[in-house]
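Below are the chains, spelled out letter by letter.
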Amino acid sequence: MTQGSGAGDMTERPQRTKLIGGPGMLLVWLYGVMVVGAVSRSVYQISTEFDRAPLAYSLSAVAALVYAFITYTLVRGGETARKAALACCAAELVGVFVVGTWTLVDPSAFPDATVWSDFGMGYLFIPVLLPLTAIMWLRRSRTSSVTA
Amino acid sequence: MLDALTIATSVAALALAAWCGHAAFRDQPTKDWHFIGMAVVTLLTLVQLVVGFVQLGRGEDPAQGTTLFVAYLIGSACAIPAAGFMSLAERTRWGSATVAAGAVVLAVLEVRLFDIWSG
C-alpha cells in the first residue's frame, strides 16, 4: 500500500527532486533522531529549570528548530527545499563551530551542556558530521537531477 | 531497572546494528530475517517499558528524574520500529544502513537509561 501511494506521488509531481532516496533516507533518520532529541531536551529544560542556564537552553531550542526545518525540507523535496536545506545545513555547521568553540573558550557561560557543546561530543560528534554529509548529499542531488 | 534486561537489550541492539550494517555493506536491502531481528529487539524494549512502569508504580524513583526516564523508555521503544518502517520505504542498501543507525541509537539510549535510573 505504501509503495502504491509513493508511486502515485511521483507521477503527480515529476518535477520535484526527491531528496529522501538512497542515502537521503539515512540522513532523514539521523535528522529525525536529532529533532526528537533536541526538541524534547529543550522543552524539558526550558520548562523545568530555565533559570539555571538560559543561554545553553535557548541555544538548544534554536538547534532543535534548525533540525526540524531541515528534516521537513528533506522530506518535502524539490529545488527550493533543497536550497533552503543547504542554507540551513551551512547555518547549522556555523552554529556547531561557534557554540563548540564558545563552550571551550568560556565554559562559565554554560552551566549545563547544549546539543552543540564541545562540537557535539555528547552526541558522538553527530552534530558536526551530519551537516557535512548533508551538504555533500544535497549538492550531489542537484547534479544527478540535472543529468537525469 | 533490571540491569540484566538493559544489558541484553543493548547487546541485541548492537548485534542488529552489525547484522544490518553487514547487509548494507553487501549492498542488500533488509529482508524478512532482519525484520524478525527487529521484532525481537523491539520486544525487548517493550518488556523494558513494562518493567520500567511497574517499578515506577512500586514507588521506586529514577536517580535523574521520572520525566526523563519515561521519555527515554518511550524513545527506546520507538527507535527500531521507526527505522524499520523507513527501511520498508527504501528497498536498497540505504534502508539497511538506516536500521543499523537506528540500532546504534537504541544502544546509546540504553546506556542513558542505565545512567538515568542509577544516577
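Calculation rules
Residues numbered from 1 in each chain as written. Chains lettered and ligands numbered in written order. Predicted model: local features only at pLDDT ≥ 70, side-chain atom pairs only at ≥ 80, totals over all residues. Heavy atoms only, no water. Helix = DSSP H or I, 4+ residues; strand = E, 2+ residues; numbered from the N terminus. Buried < 20%, exposed > 50% of the residue type's maximum accessible area, 1.4 Å probe, protein only. Contact = heavy atoms within 4.5 Å. Areas by Shrake-Rupley, 256 points an atom, 1.4 Å probe, with all protein chains shown as cover. Rg over C-alpha atoms; globule rule 2.2 N^0.38 Å. Lys, Arg positive; Asp, Glu negative; His and termini not counted. Charge placed at Lys NZ, Arg CZ, Asp CG, Glu CD. UniProt positions renumbered as here; feature names shortened; annotations may be inferred. Buried area = accessible area lost by both parts, 1.4 Å probe. Salt bridge = Lys/Arg side-chain N within 4 Å of Asp/Glu carboxyl O. Polar contact = N/O pair within 3.5 Å; in protein donor to acceptor, adjacent residues only side chain to side chain. Nonpolar A, V, L, I, M, F, W, Y, C, P; charged D, E, K, R; others polar. Axes fitted to C-alpha atoms, helices over the stretch in contact; angles between N-to-C directions. Parallel < 35°, antiparallel > 145°, perpendicular 65-115°, else oblique. Left-handed = near helix turned anticlockwise from the far one by under 90°. Disulfide = S-S within 2.5 Å.

The name recorded for chain B in an unreviewed UniProt entry is Integral membrane protein, from Streptomyces indicus.

An unreviewed UniProt entry annotates chain A as Integral membrane protein of Streptomyces indicus.

> Just checking my understanding: could you explain the overall build of chain A for this structure?
Within chain A one finds five helices and zero strands. When the elements of chain A are put in sequence order from the N terminus, they spell out α-α-α-α-α. Classification of the 148 residues of chain A by burial places 39% in the buried group. If you take every contact in chain A between residues at least 6 apart in sequence, the share linking residues at least 24 apart comes to 68%. Summed over all atoms, the accessible surface of chain A reaches about 7,900 Å², with 70% contributed by carbon and sulfur.

> Even after reading the chapter, I still don't get the overall build of chain B, so can you show me in this structure?
The helix and strand tally for chain B stands at four helices and zero strands. Secondary structure elements in chain B, listed N-terminal to C-terminal, are α-α-α-α. For 119 residues, the compact-globule formula gives about 14 Å, and the C-alpha radius of gyration of chain B, at 15 Å, lands near that figure. In terms of overall dimensions, chain B has a C-alpha envelope of 50 × 20 × 20 Å along the principal axes. Put simply, chain B has 119 residues, and 46% of those count as buried. Per element, the accessible surface of chain B, about 5,700 Å² overall, is 72% carbon and sulfur. Computed over 6 positive and 8 negative side-chain charges, the separation of the two mean positions in chain B equals 11 Å.

> Would you mind showing me how to read unusual backbone geometry here?
As a rule of thumb, non-glycine residues mostly have phi less than zero, and peptide bonds are mostly trans rather than cis. Residues and elements named next belong to chain A. Phi is positive for Phe 119, which is not a glycine, with a value near 60°. Mapped onto the elements, Phe 119 comes out in the loop between helix 4 (79-105) and helix 5 (126-147). According to the relative accessible area criterion, Phe 119 is partly exposed, its value standing at 22%.

> Explanation requested: the UniProt feature "transmembrane region" (unreviewed entry) in chain A in the structure shown.
All names here are of chain A. Under the feature "transmembrane region" (unreviewed entry), the UniProt entry names residues 20-43, 55-75, 84-105 and 120-138. Helix makes up 88% of residues 20-43 and strand 0%, and the two end C-alpha atoms of the span are 28 Å apart. Within residues 84-105, the helical portion is 100% and the strand portion 0%, while the C-alpha atoms at the span's ends are 31 Å from each other.

> Explain the interface of chain B and chain A here, please?
How big an interface is tends to be reported as the loss of accessible area on association of its parts. Chain B puts 18 residues into the contact, and the matching count from chain A is 13 residues. Taking both partners together, chain B and chain A bury about 1,200 Å²; carbon and sulfur atoms supply 81% of that area. When the buried area of chain B at its contact with chain A is split by residue, Met 86, Glu 90 and Trp 94 of chain B rank highest and sum to 39% of it. If you look at where chain B meets chain A, you find zero salt bridges. Remark: the boundary between chain B and chain A carries one residue pair in polar contact (both at pLDDT 80 or more). Mapped by element, the contributors of at least two residues to the side of chain B that touches chain A are helix 3 (66-89) and helix 4 (93-118) of chain B. By residue class, the composition of the side of chain B that touches chain A is eleven nonpolar, five polar and two charged.

> Whenever I open this one, the environment of Asp 61 of chain B confuses me. Can you help?
For Asp 61 of chain B, the position within the fold is in the loop between helix 2 (32-57) and helix 3. Along the backbone, Asp 61 of chain B and Trp 117 of chain B are 56 residues apart, and their C-alpha atoms lie at a distance of 7.7 Å.

> I would appreciate a short explanation of the packing of helix 2 (residues 23-49) of chain A against helix 4 of chain B in the present structure.
Angle between the axes and distance between the axes: these two values describe a pair of packed helices. The geometry of helix 2 of chain A relative to helix 4 of chain B is characterised by a closest axis approach of 8 Å and an angle of 20° between their N-to-C directions. One element, helix 2 of chain A, and the other, helix 4 of chain B, form an angle in the roughly parallel class. Of the two possible hands of crossing, helix 2 of chain A and helix 4 of chain B adopt the one that is right-handed. On the side of helix 2 of chain A, the interface is formed by Pro 23, Met 25, Leu 26, Trp 29, Leu 30 and Val 33 of chain A, while helix 4 of chain B contributes Trp 94, Ala 97, Thr 98, Ala 101, Gly 102 and Val 105 of chain B. Broken down by class, the residue content of the contact of helix 2 of chain A with helix 4 of chain B amounts to ten nonpolar, two polar and no charged.

> Would you take a moment to explain the state of the cysteines for this structure?
As used here, a disulfide is simply a covalent bond connecting the sulfur atoms of two cysteines. All names here are of chain A. All chains considered together, the criterion is met by zero disulfides over all chains. Unpaired in this structure, Cys 88 has its nearest cysteine sulfur neighbour in Cys 89, at a distance of 7.1 Å. You can call Cys 88 buried: its relative accessible area is 17%.

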